[in-house]
Amino acid sequence: MGQKKDLTGSEKSKIVRYLAEGCSSLKIAKLLKRDHRTIKRFIQNSQQGRKKRVEKPRRKITAHELRRVKRAAAKMPLATSLAIFQSCNITGVPKSTRCAILRDMAKVRKAERRPPLNKTHKLKRQDWAKKYLKTDFSKVLWTDEMRVSLDGPDGWARGWIGKGQRAPVPLRRQQGGGGVLVWAGIIKDELVGPFRVEDGVKLNSQSYCQFLEDTFFKQWYRKKSASFKKNMIFMQDNAPSHASKYSTAWLARKGIKEEKLMTWPPCSPDLNPIENLWSIIKCEIYKEGKQYTSLNSVWEAVVAAARNVDGEQIKTLTESMDGRLLSVLAKKRGYIGR
């Protein structure tokens, strides 16, 4: 009967049961056909229990060091706790203590996905806000495109899982599965679209104008009255296909020119209320970490989510423009945080 290093889980359970029945370690060794020393070692280790964790004395932080940490955290956004403390030449502080100190003065945040604003961008935002400060925004059609993928915008979908339940396993696609490009507009309390860009079509100036012709103009704009068309202001961002000479000339032939075509400041998605509509739709179609197996299914989800957006929600977005313009002027032309 040779000596073995480890006992199996089944053998350990049997030892516990035999001990409860009053068997000696020698008898248990014979029943399991294991070395007596192995059985005795397991029983002794089980009786000793787990060793208590020895608490190490924590490094104390002075008030002066605390002020330095606060200044460093302000100067180094999104830095790790280690980098912040190292910049202050404060060593010997464990991670748990660093995080506890930083929680009193900061928050863990993700980087915001926004294009950087330079001085020229900020000046153009200010000029734009002044130009349209007295505009009747109920007559502005806010437009934009959105791409929706099969797996959602973020792979870190989180939520509560009941005890005893397993978290669902997300689908894994080597190339991401592709996506659908969607165009829509909002004006006053009305949603225009959404319209789907044909799969595989890259929006350049020509394809963008043809897309508007087949969807926006034929299916929505031509049904409007002459007075509506006379007063409507068309907004689009500065994407190359939108702002090109070809597209500008094509829209002018459609009667959308000069004051009827809104000038748009660069790097300003925060000023377009339709971006908030995209957030509403994405939250709906990707709720509970939902994924899709085909482009048609994700498009159908977008259409269904768009139908659930009522006129009051859209009106809230379009009526927020006065506040957005004032925020641009009040916040020194920077991002307004919407």
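Residues numbered from 1 in each chain as written. Predicted model: local features only at pLDDT ≥ 70, side-chain atom pairs only at ≥ 80, totals over all residues. Heavy atoms only, no water.

Visitor: Tell me about the environment of Ile280, residues and numbers included.
Guide: Mapped onto the elements, Ile280 comes out in helix α12 (residues 274–285). With a relative accessible area of 31%, Ile280 lands in the partly exposed category. Linking Ile280 and Ala305, residues 25 residues apart in sequence, is a C-alpha distance of 8.4 Å. In contact with Ile280, other than residues within four places in its own chain, are Val309 and Gln313. (Helix = DSSP H or I, 4+ residues; strand = E, 2+ residues; numbered from the N terminus. Buried < 20%, exposed > 50% of the residue type's maximum accessible area, 1.4 Å probe, protein only. Contact = heavy atoms within 4.5 Å.)

Visitor: An account of the environment of Pro94 is requested, with residue identities and associated values reported.
Guide: The topology assignment puts Pro94 in the loop between α5 (81–87) and α6 (95–103). For Pro94 and Ser81, which are 13 residues apart along the polypeptide, the C-alpha to C-alpha distance reads 9.9 Å.

Visitor: Hey, could you go over the pairing of strand β3 (residues 190–196) for me, with residue numbers and the actual values?
Guide: Two elements, strand β2 (residues 179–187) and β3, share five bridges in a ladder whose sense is antiparallel. Bridge pairing in β3 places Val182 opposite Arg196. Counted between consecutive antiparallel strands, the loop separating β2 from β3 contains two residues, among which Lys188 sits at a positive phi close to 55°. (Pairing = 2+ DSSP bridges.)

Visitor: Go over the nonpolar core with me, naming the residues and quoting the values.
Guide: Counting 40 residues, the largest nonpolar core has Trp128, Trp142, Val148, Met262, Ile281 and Ile285 as its most contacted members. At the level of elements, α7 (119–131), β1 (140–149), β2, β4 (233–235), α12, α13 (295–307), α14 (311–318) and α15 (321–330) are the ones that each hand at least two residues to this core. Ranked by residue count, the leading element in this core is α13, at seven residues. Setting aside its immediate chain neighbours within four residues, Trp128 contacts Met262, Thr263, Trp264, Pro265, Leu271, Met321 and Leu325. Counting residues in hydrophobic clusters, the runner-up holds 22 residues, among them Val192, Leu203, Trp220 and Tyr221. (Core = buried A, V, L, I, M, F, W, Y, C linked by side-chain atoms within 4.5 Å.)

Visitor: Kindly report on the packing of α12 against α13, identifying the contributing residues and their values.
Guide: At their nearest, the axes of α12 and α13 sit 9 Å apart, and the two run at 120° to each other. For the element pair α12 / α13, the angle class is oblique. For the pair α12 and α13, the crossing hand works out as right-handed. Within the contact between the two elements, α12 uses Ile281, Glu284 and Ile285 and α13 uses Ala301, Val302, Ala305 and Ala306. Residues of the contact of α12 with α13, tallied by class, amount to six nonpolar, no polar and one charged. (Axes fitted to C-alpha atoms, helices over the stretch in contact; angles between N-to-C directions. Parallel < 35°, antiparallel > 145°, perpendicular 65-115°, else oblique. Left-handed = near helix turned anticlockwise from the far one by under 90°. Nonpolar A, V, L, I, M, F, W, Y, C, P; charged D, E, K, R; others polar.)

Visitor: So what's going on with the packing of aromatic side chains? Residues and values would help.
Guide: The geometry of an aromatic ring pair comes down to the distance between the two centres and the angle between the two planes. Using the criterion set out here, one finds 15 aromatic pairs in the structure. Look at Phe216 and Phe217: their rings are 4.8 Å apart centre to centre, the planes differ by 70°, and that puts the pair in the edge-to-face class. Here a set of aromatic residues connected by ring pairs shows up, and it is made of Trp183, Phe195, Phe211, Phe216, Phe217, Trp220, Tyr221, Phe228, Phe234 and Trp250. Over the aromatic face of Tyr18 sits the side chain of Arg17, whose NZ or CZ is 5.5 Å from the ring centroid. (Phe/Tyr/Trp six-rings, centres within 6.5 Å; stacked < 30°, edge-to-face > 60°. Lys NZ or Arg CZ within 6 Å of the ring centre and 35° of its normal.)

Visitor: Kindly report on the side chain of Asp144, identifying the contributing residues and their values.
Guide: Turning to its location among the elements, Asp144 is positioned in strand β1. Among buried charged residues, Asp144 stands out as having no salt bridge; its nearest opposite-charge side chain is Lys282, 9.0 Å away. A distance of 3.4 Å separates the side chain of Asp144 from the side chain of Trp278, its partner in a polar contact. The residues contacting Asp144, other than those within four sequence positions of it, are Val182, Trp183, Ala184, Asp237, Asn272, Ile274, Glu275 and Trp278. (Lys, Arg positive; Asp, Glu negative; His and termini not counted. Salt bridge = Lys/Arg side-chain N within 4 Å of Asp/Glu carboxyl O. Polar contact = N/O pair within 3.5 Å; in protein donor to acceptor, adjacent residues only side chain to side chain.)

Visitor: Mind laying out the pairing of β1, listing which residues take part and the relevant values?
Guide: β1 sits mainly inside the fold: eight of its 10 residues count as buried. Judged from the three bridges that link them, β1 and β4 form a sheet pairing that is parallel. Looking at β4, one finds that Trp142 is bridged to Met235. Note that β1 and β2 share eight bridges and pair antiparallel. Bridging from a neighbouring strand, Glu145 pairs with Trp183 of β2.

Visitor: Give a detailed account of helix α11 (residues 245–253), specifying residues and quantitative values.
Guide: Those residues of α11 that sit buried are Ser247, Trp250 and Leu251. When α11 is viewed along its axis, its buried side chains cluster within an angular range of 95° and face the same direction. α11 presents Lys245 and Arg253 as exposed residues on the side facing more than 90 degrees away from its buried surface. In this fold, the buried residues of α11 make contact with α8 (205–219), β4 and α10 (240–243). (Arc of directions from axis to C-beta.)

Visitor: Kindly report on the packing of α7 against α15, identifying the contributing residues and their values.
Guide: Running from N to C, α7 and α15 cross one another at 135°; their axes reach a closest spacing of 9 Å. In this view, α7 runs oblique relative to α15, as classed from their interaxial angle. Once α7 is placed against α15, the crossing between them reads as left-handed. Facing α7, whose interface residues are Arg125, Gln126, Trp128, Ala129 and Lys130, α15 presents Met321, Leu325, Val328 and Leu329.

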